[in-house]
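# Architecture at a glance
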Amino acid sequence: MSDTRPILFFDSGVGGLSVVAPTRALLPHAPIVYAADSAGFPYGTRSESEIAARVPALLGRLVERYRPRLAVIACNTASTIALPAVRAALDVPVVGTVPAIKPAAEMSATRVIGVLGTEATVRQPYVDDLAARFAGDCVVLRHGSAALVELAEAKLAGEAVGPAAVAGALAGLLEQPGGERIDVVVNACTHFPLLADELAAAAPSGVRFVDGGPGIARRIVSLSAGQDWAAGPDVLVFTRFGEHERRVAAGLAFARVEAL
Ligand code: DGL
């Protein structure tokens, strides 16, 4: 019998779509449920205790409703704060998103890398740990930008994104002491690869960007090896449905749009 269970992707907003895209490229027939916690958005300016209280409970409700074969926390902020608690609360495999510091260190020639995430992500001890383990011989500069998160949401809602706003957010990283030597920037927020063209245009030539999406897609393939995929309607679910969500949904090809 074919397996109709979907893959559940979870983020505060549209950011996790940057993880869905490389997953779809590898698993074109996988049914997808994409959940955006629009009622809790943005996560990056929230406290650790707010995220830790909110995310496991919400994922529990989503898993109960959609019965996925695996759940993907397609959000660096939620993963770096709440991944162990989510794993403990759910009875399905959970894939998290962590800042791609390891591949960035492997790519860097200057040994100066930038980590661009949310304010909450860049202050996590988890990031200190990744930097110490995988980029011990690099200078790792960090910047948290709530503005880029908002710009990615605006872009997916069909609004024009001005180059000056993106350049301004990137300057918070590149204009730190030593920032002119950065040759690799980690997009440590899943919203940011959605602005890949704008970020590339705003960055000096020679600066490359890396994110965790392709690695997560490979991990999903490996966790679902041997399983079959029965086509099902892809579902987009929001925890709050307002005008912004209506515009975002209109620009995406999900068969069903629901509210939790
Ligand atoms: N997309 C999320 C991340 O990867 C968080 C964005 C936000 O809600 O601030 O961190």
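All values derive from a computational prediction rather than experimental measurement. Note on numbering: residues in each chain are counted from 1, in written sequence order. Confidence filtering applies because this is a predicted model: local features only for residues at pLDDT of at least 70, side-chain atom pairs given and counted only at 80 or more, and all residues used for totals across whole chains, interfaces and linings. For the side-chain quantities, the full set of heavy atoms in the structure was used; hydrogens and water were omitted.

### Some words on the UniProt feature "active site" (unreviewed entry) in the protein
- Here, UniProt's "active site" (unreviewed entry) annotation points to C75 and C189. On the basis of their most widely separated C-alpha atoms, the annotated residues across 115 residues gather in one place, lying no more than 6.5 Å apart.
- In this text, helices come from DSSP runs of H or I with a minimum length of four residues, and strands from runs of E with a minimum of two, each type numbered from the N-terminal end. Looking at where C75 falls in the secondary structure, it is placed in the loop between β3 (70-73) and α3 (76-89).
- Those residues within four positions of C75 in sequence are excluded, and the remaining contacts are F10, D11, Y43, T97 and T190.
- Only protein chains enter the accessibility calculation, which uses a 1.4 Å probe. A residue is then buried if its area is under 20% of the maximum for its type, exposed if over 50%, and partly exposed in between. Looking at C189, the relative accessible area reads 5%, which means it is buried. UniProt positions are given in the numbering used here, feature names are shortened, and annotations may be inferred rather than shown by experiment. In this description, contact between two residues means that some pair of their heavy atoms is separated by no more than 4.5 Å.

### Concerning the packing of helix α2 (residues 48-66) against α3
- Inter-axis angles, ranging from 0 to 180 degrees, are taken between N-to-C directions of lines fitted to C-alpha atoms, where helices are fitted over the stretch in contact. Where α2 meets α3, the axes come as close as 9 Å, and the angle between the chain directions of the two elements is 55°. Judged by the inter-axis angle, α2 sits oblique to α3. In the crossing of α2 with α3, the sense of the turn from one axis to the other is right-handed. The segment α2 lies against α3, with E48, I51, A52, V55, P56 and L59 engaging T77, A78, I81, A82, A85 and V86. For classification purposes, an angle smaller than 35 degrees is called roughly parallel, one larger than 145 roughly antiparallel, one from 65 to 115 roughly perpendicular, and anything else oblique. In this scheme the crossing of two helices becomes right-handed for a clockwise turn of the near helix relative to the far one and left-handed for an anticlockwise turn of less than a right angle.

### Details of the sheet that holds strand β6 (residues 139-144)
- The sheet built from four strands is open, its strands ordered β6-β5-β7-β8 with parallel pairing. Looking at which strands have only one partner, the edges of the open sheet turn out to be β6 and β8 (208-210). On average, each strand axis in the sheet is inclined to that of its neighbour by 25°, with strand direction left out of account.
- Along the sheet, helix α8 (residues 163-174) makes contact with β5 (112-117), β6, β7 (184-188) and β8, crossing β6 at roughly 145°. Between any two strands, pairing holds if DSSP finds at least two bridges.

### Observations regarding the UniProt feature "binding site: substrate" (unreviewed entry) in the protein
- The UniProt feature table records "binding site: substrate" (unreviewed entry) at D11, S12, Y43, G44, N76, T77, T190 and H191. Across 181 residues of sequence, these annotated residues stay compact in space, with a maximum C-alpha separation of 11.9 Å.
- Within the secondary structure layout, S12 lies in the loop between β1 (7-11) and α1 (17-26).
- Among all residues touching S12, those that are not within four sequence positions of it are A36, D37, S38, F41, Y43 and H191.
- Following the sequence through the fold, H191 ends up in the loop between β7 and α9 (196-202).
- Judged by its relative accessible area of 1%, H191 is buried.

### Structural notes on unusual backbone geometry
- Of note, the amide linkage connecting F41 to P42 takes the cis form, showing an omega dihedral of -5°.
- A positive phi is found at R67, a non-glycine position, where the angle reads about 45°.
- Position of R67 relative to the elements: it lies in the loop between α2 and β3.
- The class of R67 is exposed, set by a relative accessible area of 51%.
- Backbone geometry at R111 places phi at a positive 65°, although glycine is not the residue there.
- Its place among the elements puts R111 in the loop between α4 (101-107) and β5.
- Classification of R111 as partly exposed rests on a relative accessible area of 25%.

### Things to note about the site of the ligand
- With respect to spatial proximity, 14 residues lie near the ligand, and among them S12, Y43, N76, T77 and H191 are the closest.
- Under this definition, polar contacts are N or O atom pairs within 3.5 Å; protein pairs additionally need one hydrogen-donor-capable and one acceptor-capable atom, and for neighbouring residues in sequence, both atoms have to be side-chain atoms. Here an oxygen atom of the ligand sits 2.7 Å away from a polar atom, N or O, in the main chain of Y43.
- The fraction of the free accessible surface of the ligand (300 Å²) that becomes covered by protein chains is 99%.
- Put simply, Ala, Val, Leu, Ile, Met, Phe, Trp, Tyr, Cys and Pro go in the nonpolar bin, Asp, Glu, Lys and Arg in the charged bin, and everything else, Gly too, in the polar bin. Of the residues belonging to the shell around the ligand, the class tally is six nonpolar, seven polar and one charged. The cutoff for a nearby residue is simple: one of its non-hydrogen atoms must lie within 4 Å of the molecule or strand. For every accessible area listed, the method is Shrake-Rupley and the probe measures 1.4 Å; residues are considered covered only by the protein chains on display.

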